[in-house]
Amino acid sequence: MTNAGKSIKNAIPAFLVSSLFVVLLSACGGVENEYSDIRCYCIINNGNHQDPTLASAMNAAAPGVFCKIRTTYQSGASYFSFENNQGLSSQSRFDGEDQRRSVIVGLNNSLIVGFSNESLPAKFYAYDGECPNCFDYSAIPVRSHPLVMTSDGLARCNTCQRSYALNNLGRVSAGDGGKKLTPYYASCTGPYGVLSVQ
């Protein structure tokens, strides 16, 4: 076989592999990841905290209640701050477990968690607490666009006036179209169990 023949023979498998790679990449176009690839890490053992506000959102038997979680620092101590969409709010001081682990609560210190009342069995969701269409974590300075929850399962942005359906994958339910809420992988083991958001 001549050198030209060997070159063509070697080029064919390389061409096929690169063509297959291009086809696979284009086949994934338009596919949206279910969960955010932005880092979030929050584990709360509500068996230790015994917080009723957080427990209200971790109860699959009473879906539709969502809780906003933030961290605060007061008088030399770290706290979890909880507020649900039914008007309950509370704080709980970090325990020893919380102090030993890193806690990253969303893009700008705000998560929303709860069970959907639009699916059977009820599905547990965790969303970032900032408006996905207004908040830009790479902007300097960072400007907060926090979501305000309503008792009927919506989260509203006062900047763009969009409303998002917490019970329906965080989709825009009112206002201009746009991105849905930023979701995180989450699980819980019951009202006074362990909440894990990653």
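Heads up: these notes are all about the structure in this document. (Residues numbered from 1 in each chain as written. Predicted model: local features only at pLDDT ≥ 70, side-chain atom pairs only at ≥ 80, totals over all residues. Heavy atoms only, no water.)

## Quick look at the pattern of salt bridges
So, point 1. Enumeration according to the criterion identifies three salt bridges in this entry.
So, point 2. Across the pair E83 and R70 runs a salt bridge, and its minimum N-O distance is 3.5 Å. Taken together, the residues span a long stretch of sequence, with E83 in strand β3 (residues 77-84) and R70 in strand β2 (residues 66-74) at a distance of 13 residues.
So, point 3. Note that R101 and D98 form a salt bridge whose closest N and O atoms lie 3.5 Å from each other.
So, point 4. What you see here is one network of salt bridges that share partners, running through E97, D98 and R101. (Salt bridge = Lys/Arg side-chain N within 4 Å of Asp/Glu carboxyl O. Helix = DSSP H or I, 4+ residues; strand = E, 2+ residues; numbered from the N terminus.)

## Description of the nonpolar core
So, point 1. I44, L54, I69, L111, V113, L195 and V197 are the most contacted members of the largest nonpolar core, which has 22 residues in total.
So, point 2. Among the secondary structure elements, those contributing two or more residues to this core are β1 (42-45), α3 (52-57), β2, β3, β5 (111-115), β6 (124-128), β12 (186-188) and β13 (194-197).
So, point 3. Ranked by the residues each element gives to this core, the list is headed by β5, at three residues.
So, point 4. Discounting residues that sit within four places of it in the chain, L111 has contacts with C40, C42, C67, K68, I69, V105, G106, Y127, G129, Y184 and V197.
So, point 5. I112, C131, M149 and A155 belong to the second largest nonpolar core, which has 12 residues in total. (Core = buried A, V, L, I, M, F, W, Y, C linked by side-chain atoms within 4.5 Å. Buried < 20%, exposed > 50% of the residue type's maximum accessible area, 1.4 Å probe, protein only. Contact = heavy atoms within 4.5 Å.)

## Looking at the side chain of S81
So, point 1. Considering the arrangement of structural elements, one finds S81 in strand β3.
So, point 2. The contacts of S81, once residues within four sequence positions are left out, are K68, I69, R70, T72, S90 and Q91.

## Focus: the state of the cysteines
So, point 1. Within this structure, the stated rule accounts for zero disulfides.
So, point 2. Cysteine C134 shares no disulfide, and the gap to the nearest cysteine sulfur, in C160, comes to 3.6 Å.
So, point 3. By relative accessible area, which is 22% here, C134 ends up partly exposed. (Disulfide = S-S within 2.5 Å.)

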